[in-house]
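# Inside the fold
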Amino acid sequence: MSKSRVINLKTGLAEMLKGGVIMDVIDVEQAKIAEDAGAVAVMALERVPSDIRKQGGVARMSPPELIQEIMEAVSIPVMAKCRIGHFTEAQVLETIGVDYIDESEVLTPADDEFHINKHDFKVPFVCGATNLAEALRRVGEGAALLRTKGEAGTGNIVEAVRHLRQINKEIRDVVNADEAELMTIAKNMGAPYELLQVVREEGRLPVPNFAAGGVATPADAALCMQLGAETVFVGSGIFKSDDPAGYAKAIVKAVAHFDDPAVVLEASKGLKGEPMRGIEMSALEEDQKLAKRGW
Amino acid sequence: MTSKPVIGVLALQGCVTPHKPHIEAAGGVFRPVKRAADFDGIDGLILPGGESTTMLKLIDRFELADCLKKAFERMPVWGICAGAILMGESVANPIQRSYGVIPVTLIRNGYGRQMDSTHFDIDGYTVSFIRAPIMAPVNDDVEILAKRGESPVWVLYNDKMATSFHPELTQDYPSPMHERFMSLITKH
């Protein structure tokens, strides 16, 4: 091999997914609706987050058959979720051959102390984060892509906005810090020093950052993009709306021209029925907040 | 050409900004192209990597097909991975429509899914194959610039270029592929 400096293949796939929408789907029919609407990838799940929230119980990796059927049905990349710290579920997903694994707080954590050592895997991982230190710990463990946690299954964008703004603010603080301050910042934040150096030099996270958790409308998706997200995950927002195909297409359209209000307006019109109902954050008990999972 | 050539990169979705340092190092000006007006004044166009199904739909929804056809008639165009799929004569796995600009057939994900993605060396320059298509020329008019095994991976047909791999993810600027593309423009 030559000595060229090259972005690793895991983050390389994330580069291909930029400017797009990744949709949660629970069966082949939904996966095809997502692909037809222009999704750049699908997340194969047994239950969307709002149902996991409603039904309770332990949420686990989806059945392999379900994931495999979806992989056969669509030509776009297929992602699947494993529980935080459940490296055996991740091994199974890698063996199935999914294109990305989401080590996700939406499922019930399998390890209440440690995340998966993602360097051990050839398949790339995406992980959620609520702030810069959490994001950099996940990258330190080998995540090739980050997303905000938001608050999955609520149809309420407020938490995703909070996480995007928090990360943006902390990046600015690190960029503006004196180099001598960096080690203490690393200590206080609980972030790997070497990755903070990268953030300080480049003014951005070391891997792409997508938005997730609470996206329900074209305007929600465009808001996340304007706040710096590079692609948007939509979980319950599409298939829990009154018009899944309509909402799916509209959100794809709004993301492609997120900075043009005229296009977001056009995308927001003509939708048949309501977006998903949504939950006000104050209606959630502390132990119902999924974003608190992960360490 | 007195001023620097302007290279448009179709920016509806996919891997756009990594082209900027390559284009600039090869002596061009980078311009993301998203709407009809953005096509005015570009000297060459790159259809980047991403998801070809998403791009096809967005080209239709934003009514950019005519702009693309004009670009195909008037200037050098380079398709990368998904972009190559858009430019091919026919596409399989699954069958989908394409603009038929280069006489090659493409098999989507012919080199496999993400687990089969790999780096590969072309003339001492590392490139990335990511869920890459297999390309097969349908006639001898297609010039083959590089192969992986038996299959062509970098082809030229008049002033239309296609690569099944990504040179833009390599951070040594410019890539030989960007240089070659730029040479088509200066000749044009």
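See the structure above.
Note on numbering: residues in each chain are counted from 1, in written sequence order. All chains are assigned letters beginning with A, and all ligands numbers beginning with 1, in the order in which they are written. Given that the model is predicted, a residue must reach a pLDDT of at least 70 before its local features are reported, and side-chain atom pairs must reach 80 or more before they are shown or counted; all residues, however, enter totals for whole chains, interfaces and linings. Hydrogens are left out, water is left out, and the side-chain values use all remaining heavy atoms of the structure.

### Details of the overall build of chain A
- Numbering of helices and strands runs from the N terminus; a helix is a DSSP stretch of H or I covering at least four residues, while a strand is a stretch of E covering at least two. Counting its secondary structure elements, chain A contains 13 helices and 8 strands.
- The size measure is the radius of gyration over C-alpha atoms, and the globule rule it meets is 2.2 Å times the number of residues to the 0.38 power. A compact globule built from 295 residues should have a C-alpha radius of gyration of about 19 Å, and chain A, at 18 Å, falls within 12% of that.
- Overall, the C-alpha framework of chain A stretches about 55 × 50 × 45 Å when taken along its three principal axes.
- Only protein chains enter the accessibility calculation, which uses a 1.4 Å probe. A residue is then buried if its area is under 20% of the maximum for its type, exposed if over 50%, and partly exposed in between. Within chain A, the proportion of its 295 residues that are buried is 60%.
- Restricting to contacts in chain A with at least 6 residues of sequence separation, those with at least 24 account for 66%.
- Per-residue accessibility takes into account occlusion by the displayed protein chains alone, with areas from the Shrake-Rupley method and a 1.4 Å probe. In the structure as shown, chain A presents an accessible area of about 11800 Å², 48% of it carried by carbon and sulfur atoms.
- The charge count includes Lys and Arg as positive and Asp and Glu as negative, but it does not include His or the ends of the chains. Each charge is placed at NZ for Lys, CZ for Arg, CG for Asp and CD for Glu. Between the averaged position of the 33 positive side-chain charges in chain A and that of its 45 negative side-chain charges there is a distance of 2 Å. Note on contacts: a residue pair is in contact if any heavy atoms of the two residues lie within 4.5 Å.

### Side note on the layout of surface pockets
- Using a 1 Å grid laid over the protein atoms alone, points where a 1.4 Å probe fits but cannot get out form a cavity; open sets with protein on both sides within 12 Å along at least 5 of 7 lines form a pocket; any residue with an atom within 4 Å of a point counts as lining. Grid points are joined across faces, edges and corners, and a volume is the space filled by probe spheres set on the points. When its volume is computed, the largest pocket comes out at roughly 870 Å³.
- In terms of lining, the largest pocket is formed by 35 residues, of which the most central are E15, R204, L205, P206 and V207 of chain A.
- Every element with two or more residues in the lining of the largest pocket is listed here: α1 (9-16), α7 (158-176) and α9 (193-202) of chain A.
- Examining the composition of the lining of the largest pocket, we find that 4 residues originate from one element, α7 of chain A, more than from any other.
- Put simply, Ala, Val, Leu, Ile, Met, Phe, Trp, Tyr, Cys and Pro go in the nonpolar bin, Asp, Glu, Lys and Arg in the charged bin, and everything else, Gly too, in the polar bin. The class makeup of the residues in the lining of the largest pocket is 18 nonpolar, 10 polar and 7 charged.
- Reported here for the second largest pocket is a volume of approximately 430 Å³.
- For the second largest pocket, the lining is made up of 21 residues, of which F258 of chain A together with A11, V16, T17 and K34 of chain B are closest to its centre.
- Those elements giving two or more residues to the lining of the second largest pocket turn out to be α12 (244-256) of chain A together with β2 (29-33) of chain B.
- Among the elements that make up the lining of the second largest pocket, the one with the highest residue count is β2 of chain B (3 residues).
- Taken together, the residues of the lining of the second largest pocket break down into 10 nonpolar, 5 polar and 6 charged.

### A few points about the environment of L45 of chain B
- Relative to the helices and strands, L45 of chain B resides in strand β3 (residues 44-47).
- Taking C-alpha positions, L45 of chain B is 6.4 Å from W78 of chain B, a pair spaced 33 residues apart along the chain.

### Concerning the pattern of salt bridges
All names here are of chain A.
- One side-chain nitrogen of Lys or Arg within 4 Å of one carboxyl oxygen of Asp or Glu is enough to make a salt bridge. The full count for this structure, using the stated rule, is 29 salt bridges over all chains.
- When the shortest N-O distance is used, the salt bridge between R83 and E89 registers 2.7 Å.
- In this structure, the salt-bridge partner of D102 is R147, at a minimum N-O distance of 2.9 Å. A residue pair is termed long-range when its members are at least 10 positions apart, and D102 in strand β4 (residues 100-104) and R147 in strand β6 (residues 145-148) qualify at 45 residues. By the burial criterion, D102 is buried, and R147 matches it.
- The network of salt bridges with shared partners includes K81, D102, E105 and R147.

### Structural notes on the packing of aromatic side chains
- Between the rings of Phe, Tyr and Trp (Trp by its six-membered ring), a pair exists once the centres lie within 6.5 Å; its type follows the angle of the planes, with under 30 degrees stacked, over 60 edge-to-face, and the other angles tilted. Under the criterion given, the structure shown has 7 aromatic pairs over all chains.
- Considering the side-chain rings of F121 of chain A and F125 of chain A, the 5.2 Å spacing of their centres and the 70° angle between planes classify their relative orientation as edge-to-face. Taken individually, F121 of chain A and F125 of chain A each receive the classification buried, so the pair is uniform in this respect.
- Measuring from centroid to centroid gives 5.9 Å for F72 of chain B and Y99 of chain B, while their planes differ by 45°, and the two rings are tilted. On the criterion of sequence distance, the pair formed by F72 of chain B in helix α3 (residues 65-74) and Y99 of chain B in the loop between β5 (90-92) and β6 (104-107) is long-range, its members being 27 residues apart. One exposure class covers both F72 of chain B and Y99 of chain B, and it is buried.
- Pairwise contacts between aromatic rings join Y111, F120, F129 and F165 of chain B into one cluster.
- Any Lys NZ or Arg CZ that is within 6 Å of a ring centre and within 35 degrees of that ring's normal is treated as a charge sitting over the ring. Here the basic side chain of R148 of chain B rests over the ring of F120 of chain B, its NZ or CZ set 5.7 Å away from the ring centre.
- When the ring centre of F129 of chain B is taken as origin, the NZ or CZ atom of R148 of chain B, which lies over that ring, is 4.6 Å away.

### Section: empty space enclosed by the protein
- Tallied over the full model, the rule gives 2 cavities of 30 Å³ or more.
- Considering only enclosed or pocket space, the largest cavity measures out at about 180 Å³ in volume.
- For the largest cavity, the lining is made up of 22 residues, of which D24, A152, A212, G213 and G235 of chain A are closest to its centre.
- For the lining of the largest cavity, the secondary structure elements donating two or more residues are β8 (232-234) and α11 (236-239) of chain A.
- Reported here for the second largest cavity is a volume of approximately 110 Å³.
- Residue lining of the second largest cavity: L13 and M16 of chain A together with G50, E51, S52, C81, A82, I85, R108, N109, I130 and R131 of chain B, and that is the complete set.
- Counting only elements with at least two residues in the lining of the second largest cavity, the list comes to α1 of chain A together with α4 (82-87) of chain B.
- Its residues assigned to classes, the lining of the second largest cavity comprises 6 nonpolar, 3 polar and 3 charged.

### A few points about the packing of helix α2 (residues 28-37) of chain A against helix α2 (residues 52-61) of chain B
- Helix axes are fitted only over the stretch in contact, all axes being lines through C-alpha atoms; the angle between N-to-C directions runs from 0 to 180 degrees. At a minimum axis distance of 8 Å, the contact between α2 of chain A and α2 of chain B shows a crossing angle of 50°. As summarised for this structure, α2 of chain A and α2 of chain B are arranged oblique, according to the angle between their axes. Of the residues in α2 of chain B, those touching α2 of chain A at E35, D36 and A37 of chain A are T53, K57 and R61 of chain B.
- Class assignment for the residues of the contact of α2 of chain A with α2 of chain B results in 1 nonpolar, 1 polar and 4 charged. Angles are sorted into four bins: roughly parallel if under 35 degrees, roughly antiparallel if over 145, roughly perpendicular if 65 to 115, and oblique for all others.

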